[in-house]
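The primary structure of each chain is shown beneath.
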Amino acid sequence: MRLLERMRKDWFMVGIVLAIAGAKLEPSIGVNGGPLKPEITVSYIAVATIFFNSGLSLKTEELTSALVHLKLHLFIQIFTLAFFPAAIWLFLQLLSITPINEWLLKGLQTVGCMPPPVSSAVILTKAVGGNEGIIITPLLLLLFLGSSSSVPFTSIFSQLFMTVVVPLIIGQIVRRYIKDWLERKKPPFGAISSSVLLMIIYTTFCDTFSNPNIDLDKFSLVLILFIIFSIQLSFMLLTFIFSTRNNSGFTPADTVAIIFCSTHKSLTLGIPMLKIVFAGHEHLSLISVPLLIYHPAQILLGSVLVPTIKSWMVSRQKKLLQTREPLANLNNPEGLEYLSIKFGH
């Protein structure tokens, strides 16, 4: 029973494994030109559905109030869009001389270019009583990925506009008219996007398994797994050190937001982006592997570190209270409730 309960809770992780296994068993169904017609159903309909769904669920009124924390969001954006990809690029210059699969290394670079997720970083931040970080627009991601693709820039931009920006804007417009209904019914936006994402993952790996020239060695995969965990831990420690300096100006709650939002990467936004930017690339699935590993790794590390970070934040805030400095977000019943449900702590 516990196993079934765990599987229901982590159904998306189980779905990723089943999607890849299904692609391995019968890749002809999801290849380009196959029965699923992924060149249409995935490249346009599925991707557009995810971002329309994001537009419906995105609360712009909360984003407006979040601009008050300008310094916090500026730090997160600079770290996410500048430092993170630059540091990964430098690191990959060293890894390029190793026997690690070159397409997995390219995939590691794309991970560095991804924006923070709408879900996990914000949820983990709330779980310990911190502040929400701002979500980086998908269009900025193109600045880092465009030069790595064989697809013409104009083609990438036009498809991004039609399948990402337009559905997102339409979703926001529709939200204005049905906002009360959405707040009352609370549709499962996350589950809808995740289900569509599983279809994208399935068709991506169908292309891989139908290509006999692609071979993924276990040595490279194990090393990438180790590297990803090391990168996450190192960057979380680095952001903690930066944000807790005496002259940083950040509160303990800000530090929590920085740790999670600066180091987490979005799978829901990332996979559709890679599908567009690397459209038709025979090694697309290998390029996607590091991101598929990074997602569960960040959830695992986050859930393990939440109690420790929460304990530090409460202790730090008590000290600030005793010295009559501002106290922010000491108690967050909503976050604590979610923490007990989601992570079992």
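Since the model is a prediction, treat every value here as computed from it, not as a measurement.

**Student:** For the overall build of the protein chain, give the residues involved together with the corresponding values.
**Tutor:** Within the protein chain one finds 15 helices and zero strands. Taking all 345 residues of the protein chain together, the buried fraction comes to 47%. Considering only residue pairs separated by 6 or more positions, the protein chain has 83% of its internal contacts joining residues 24 or more positions apart. In the structure as shown, the protein chain presents an accessible area of about 17,400 Å², 66% of it carried by carbon and sulfur atoms.

**Student:** Which residues make up the nonpolar core, and what are the values?
**Tutor:** By size, the foremost hydrophobic cluster in this structure holds 55 residues, and its most contacted members are Leu 108, Leu 197, Ile 200, Ile 201, Ile 224, Leu 267 and Ile 271. At nine residues, the largest contribution of residues to this core is made by helix H14 (residues 284–322). Once you skip the residues sitting within four places of it in the chain, Ile 201 turns out to touch Ile 16, Ala 19, Ile 20, Ile 271 and Leu 292. Counting eight residues, the second-largest nonpolar core is a separate cluster that includes Val 256, Phe 260, Ile 309 and Met 313.

**Student:** How would you sum up the environment of Val 17? Please name residues and give values.
**Tutor:** Here Val 17 shows up in helix H2 (residues 11–25). A relative accessible area of 56% places Val 17 in the exposed class. With 181 residues separating them along the chain, Val 17 and Leu 198 place their C-alpha atoms 9.6 Å apart.

Conventions adopted
Sequence positions are assigned chain by chain, starting from 1 and proceeding in written order. Residue-level local features of this predicted model are given only where pLDDT is at least 70; pairs of side-chain atoms are given and counted only at 80 or more, and the full residue set underlies all totals for whole chains, interfaces and linings. Values shown for side chains rest on all heavy atoms present in the structure; no hydrogens or waters enter the calculation. A run of DSSP states H or I qualifies as a helix once it reaches four residues; a run of E qualifies as a strand once it reaches two. Both are numbered from the N-terminal end. Exposure is judged per residue with a 1.4 Å probe applied to protein chains only, and the accessible area is read against the type maximum: over 50% gives exposed, under 20% gives buried, and values in between give partly exposed. Two residues qualify as a contact provided that any one of their heavy atoms is within 4.5 Å of a heavy atom in the partner residue. Residue burial considers only the protein chains on display, and all accessible areas are found by Shrake-Rupley using a 1.4 Å probe. Buried Ala, Val, Leu, Ile, Met, Phe, Trp, Tyr and Cys residues that are joined via side-chain atoms within 4.5 Å together make up what is termed a nonpolar core.

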